[in-house]
Structure formats: structure tokens, C-alpha cells
Amino acid sequence: MTNTNEQSVTYFSAVVHLAQNRPEITACFLSFLRNDARNAQTLYILGDLFEYWIGDDDDSPFVAEIAQGLKQLSEHGTVIYFIHGNRDFLLGKKYAKKAGMTILPEVDLIELYGQQIIIMHGDTLCTKDVGYQKFRTKSRSWWWQAMIKSLPLFIRRKIAEDYRKQSASATAMKSQDIMDVTDTEVERSFVTHNSLLMIHGHTHRPNIHHVNVNGKQAKRIVLGDWYDQGAWLKFDKDGYQLLNSPLK
Ligand code: MN
């Protein structure tokens with residue numbers, strides 16, 4: 001994808017973790033879609049938009065309300081792209097269409113204002129989390145996904161809820177080091193894609209890191225999570241900025 005329009009503004013966000021039991025985040029995100037996000041010509045959502053995703057056949061009013069908010073933004077003129085996270089990787093084309101979003105590959109290379117940018121959720125960079133990477137491989141296989149999708153909706157809802165509780169406690173026990181990105185994997189990604197700028201989420205550590213890649217200065221922008229505030233990156237021809245909005 002190429003965006004050569006000099007006037008355009010692009011937003012990136014991730015790790016919203018929308019869930020029915022966090023209504024203040026839902027309100028903050030819907031307000032973002034109705035207000036701030038309208039200033040952007042393009043919005044990239046880099047994964048974990050939802051705390052978990054049980055299937056596009058989820059008939060809860062909650063997921064319908066989010067789809068409606070996204071759809072209204074896209075009808076207003078903002079192009080929305082979505083990359084799967086480790087929590088909402090089952091989100092499919094059916095829901096994406098309802099929400100007016102286009103799903104991109106899990107790692108993508110885009111061009112913005114003359115720069116090549118790697119975009120991804122970021123979980124693949126955390127290679128020290130061996131247990132998770134094993135689960136990731138399994139859960140991306142067709143047979144695992146076919147098995148899950150064949151289960152009744154109420155069973156999937158129960159599994160997701162149990163998994164969420166389990167992963168919350170497991171995360172708490174893992175060392176900070178395991179949960180962050182692996183430097184060699186970051187460098188490998190910069191080299192593979194021949195790029196000097198990367199944007200991702202996942203780690204809940206918003207920051208702009210300077211990375212030396214074969215003697216060149218690269219930058220890795222980490223998007224913040226939506227826990228205590230709204231969080232996104234504004235990107236235009238003059239540069240980029242991590243922005244926040246308070247919970248109402
Ligand atoms: Mn994640």
C-alpha cells in the first residue's frame with residue numbers, strides 16, 4: 001500500500017482489549033472513532049482490538065456495537081486496516097466487512113510519506129516466550145481453527161473466558177524479559193524487510209526505540225495499550241507522535 005498524499009494523516013492503534021467487562025474502555029474507543037479518528041484518512045489497528053474473539057458468529061450486542069462504530073468511521077471516509085493480534089486472531093472477513101475494515105497480512109510493509117514501514121502486532125518478536133510461540137503455531141493451523149469453529153457458541157464463550165483468566169495469571173508470573181521483544185528478532189525483521197521503521201503493539205510498553213541495524217539508525221515505535229487511557233500514534237508528513245486521551 002502506498003500513501004503519497006502529502007496532506008494525509010495516518011493513525012495507528014493496538015491493544016484496545018475491548019471487552020464487555022470494561023465499559024469505560026468501550027466508551028473511550030467509541031468516542032475515539034466518532035471524534036479523533038475522523039481526522040485521519042487511514043487508521044491501522046494492529047491487533048488485540050478485542051480481549052478475545054470467539055468467532056464471527058458471536059451474536060452479542062457488544063461486538064455489533066463496535067462494528068457499527070467502525071463502520072460509521074469508514075463511511076465517514078477513514079480507511080481502516082486491521083492486523084490480527086494474539087487475542088483476536090480468529091476475527092474473520094465476515095466481521096471485518098461488517099466493521100468496514102480490511103484485514104492485512106500479519107506482517108506488512110507499507111509506504112508512508114516516502115518511508116517503508118513494517119507493521120505487525122508484535123507477538124512474533126517475543127521469541128523468548130517459547131510456550132506462547134508453540135501455542136501460536138498450533139492455533140494458526142487450519143485443523144485447530146476448524147476444531148474451535150465447530151464448537152457451539154456457548155462452549156467457545158466458556159473456553160475464551162477460562163483462557164483469559166489463565167493467561168492473566170500466567171502473564172503475571174512471567175519475567176519482564178520474556179514478555180518483551182527479542183533484540184535479534186527485531187534486527188532480523190528490519191534486515192528482512194529492508195526498512196528502518198517499525199510500528200507494533202502487544203508489549204504494553206509505549207515507546208520509540210532507536211535501534212542500530214548494520215550501522216544505520218532504525219526506529220521501533222511501540223503503541224500503548226488502552227487500559228488507563230486511549231492511545232494511538234499520529235503520523236503525517238511532519239513526523240509522528242504517540243497520543244493519549246483520558247477515560248471519560
Ligand atoms: Mn497482544
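Residues numbered from 1 in each chain as written. Predicted model: local features only at pLDDT ≥ 70, side-chain atom pairs only at ≥ 80, totals over all residues. Heavy atoms only, no water.

S.K.: Whenever I open this one, the overall build of the protein chain confuses me. Can you help?
M.R.: Counting its secondary structure elements, the protein chain contains 8 helices and 12 strands. Referenced to the eigenvectors of the C-alpha coordinate spread, the extents of the protein chain come out at roughly 50 × 40 × 35 Å. Within the protein chain, contacts between residues separated by at least 24 positions form 67% of all contacts whose residues are at least 6 apart in sequence. For the protein chain, the accessible area works out to roughly 12,200 Å², and carbon and sulfur atoms hold 52% of it. Positive and negative side-chain charges in the protein chain, numbering 29 and 28 respectively, have mean positions lying 4 Å apart. (Helix = DSSP H or I, 4+ residues; strand = E, 2+ residues; numbered from the N terminus. Contact = heavy atoms within 4.5 Å. Areas by Shrake-Rupley, 256 points an atom, 1.4 Å probe, with all protein chains shown as cover. Lys, Arg positive; Asp, Glu negative; His and termini not counted. Charge placed at Lys NZ, Arg CZ, Asp CG, Glu CD.)

S.K.: What exactly am I supposed to notice about the coordination of the manganese ion here?
M.R.: For a metal bound by four donors in tetrahedral geometry, the ideal donor-metal-donor angle is 109.5 degrees, whereas six donors in octahedral geometry ideally sit at 90 or 180 degrees. Bound to the manganese ion are the protein donor atoms Asp48 (OD), Asn86 (OD1), His121 (NE2) and His202 (ND1), situated 2.0 to 2.2 Å from the metal. Binding-site remark: the manganese ion is held by donors from one chain whose sequence spacing is D-x37-N-x34-H-x80-H. Taken together, the residues Asn86 in the loop between β4 (79–82) and α3 (93–98) and His202 in the loop between β8 (197–200) and β9 (207–213) connect sequence positions 116 residues apart. Across this residue pair, the class does not change: Asn86 and His202 are buried. (Donors = N, O, S within 2.8 Å, 3.2 Å for Na, K, Ca; no water. Buried < 20%, exposed > 50% of the residue type's maximum accessible area, 1.4 Å probe, protein only.)

S.K.: How do you make sense of helix α5 (residues 142–149) when you look at a structure like this?
M.R.: Think of an α-helix as turning once every 3.6 residues; residues three or four places apart then point the same way. Along α5, the residues that are buried comprise Trp144, Gln145 and Ile148. Taken around the axis of α5, the buried residues stretch over an arc of 95°, which confines them to a single face. (Arc of directions from axis to C-beta.)

S.K.: How should the nonpolar core be read in this particular structure?
M.R.: Generally speaking, nonpolar side chains in soluble globular proteins are found buried as a group. Counting 37 residues, the largest nonpolar core has Phe29, Phe50 and Leu70 as its most contacted members. Put simply, the parts of the chain that give this core at least two residues each are α1 (23–34), β3 (42–45), α2 (61–76), β4, α3, α5 and β11 (229–236). Residues within four places of Phe29 in sequence aside, it is in contact with Val16, Leu18, Ile45, Leu49, Ile66, Leu70 and Trp226. Of all hydrophobic cores here, the second largest spans 19 residues; its members include Tyr44, Leu104, Ile117 and Leu223. (Core = buried A, V, L, I, M, F, W, Y, C linked by side-chain atoms within 4.5 Å.)

S.K.: Can you walk me through α2 in this structure?
M.R.: Here α2 spans 22 Å end to end across 16 residues, near enough to the 22 Å set by a 1.5 Å rise per residue. Those residues of α2 that are buried are in contact with α1, β3, β4, α3 and β5 (101–103). Looking one or two places after α2, you find Gly77, whose phi comes out positive at around 125°. (Expected span 1.5 Å × (residues − 1).)

S.K.: It is not clear to me how the layout of surface pockets should be interpreted in this structure. Could you clarify?
M.R.: Rolled over the atoms, a probe sized like a water molecule indicates the empty space that remains. The space that makes up the second largest pocket amounts to roughly 340 Å³. Looking at the lining of the second largest pocket, the elements with two or more residues in it are α5 and α6 (153–173). In terms of residue count, the dominant contributor to the lining of the second largest pocket is α6 (5 residues). When the residues that make up the lining of the second largest pocket are grouped by side-chain class, the tally is 11 nonpolar, 1 polar and 4 charged. (1 Å grid on protein atoms, 1.4 Å probe; cavity = no way out; pocket = protein on both sides within 12 Å on 5 of 7 lines; lining within 4 Å. Points joined across faces, edges and corners; volume = space filled by probe spheres on them. Nonpolar A, V, L, I, M, F, W, Y, C, P; charged D, E, K, R; others polar.)

S.K.: What is the right way to read the pairing of strand β10 (residues 216–222) from this model?
M.R.: A regular strand places its side chains so that they alternate between the two faces of the sheet. Looking at chain direction, β8 and β10 are connected through 4 bridges and run parallel. Bridge assignment links Met198 to a residue of β10, and that residue is Arg220. Here β9 pairs with β10 via 7 bridges, running antiparallel. Following the sheet pairing, Asn212 is matched in β10 by Gln217. Taking the residues between adjacent antiparallel strands as the criterion, β9 and β10 are bridged by 2 residues, where Asn214 takes a positive phi near 50°. (Pairing = 2+ DSSP bridges.)

S.K.: Whenever I open this one, the pattern of salt bridges confuses me. Can you help?
M.R.: Oppositely charged side chains may form a pair once their charged atoms are brought near each other. Considering all chains together, one arrives at 11 salt bridges under this definition. Across the pair Arg188 and Glu185 runs a salt bridge, and its minimum N-O distance is 2.7 Å. Placement of the pair is Arg188 and Glu185 together in helix α8 (residues 183–193), with a separation of 3 residues, close to one helical turn. The residue Asp236 makes a salt bridge to Lys234 at a minimum N-O spacing of 4.0 Å. Given a relative accessible area of 16%, Asp236 falls into the buried group. We classify Lys234 as partly exposed; its relative accessible area is 27%. (Salt bridge = Lys/Arg side-chain N within 4 Å of Asp/Glu carboxyl O.)

S.K.: What is the right way to read the packing of aromatic side chains from this model?
M.R.: Both the distance between ring centres and the angle between the ring planes are used here to describe each pair of aromatic rings. On inspection of all chains with the given rule, the structure shows 17 aromatic pairs. Arranged with centres 5.9 Å apart and planes meeting at 75°, the rings of Phe50 and Tyr95 form a pair that is edge-to-face. Here Phe50 is found in the loop between β3 and α2, whereas its partner Tyr95 is found in helix α3, with 45 residues between them in sequence. A relative accessible area of 1% means that Phe50 is categorised as buried. Note on Tyr95: relative accessible area 3%, which makes it buried. Each residue in the set Phe12, Tyr44, Tyr81, Tyr113, Phe235 and Tyr240 is aromatic and connected to the rest through ring pairs, giving one cluster. Of note, Arg22 hangs over the ring of Tyr227, and the distance from its end group to the ring centre comes to 4.4 Å. (Phe/Tyr/Trp six-rings, centres within 6.5 Å; stacked < 30°, edge-to-face > 60°. Lys NZ or Arg CZ within 6 Å of the ring centre and 35° of its normal.)

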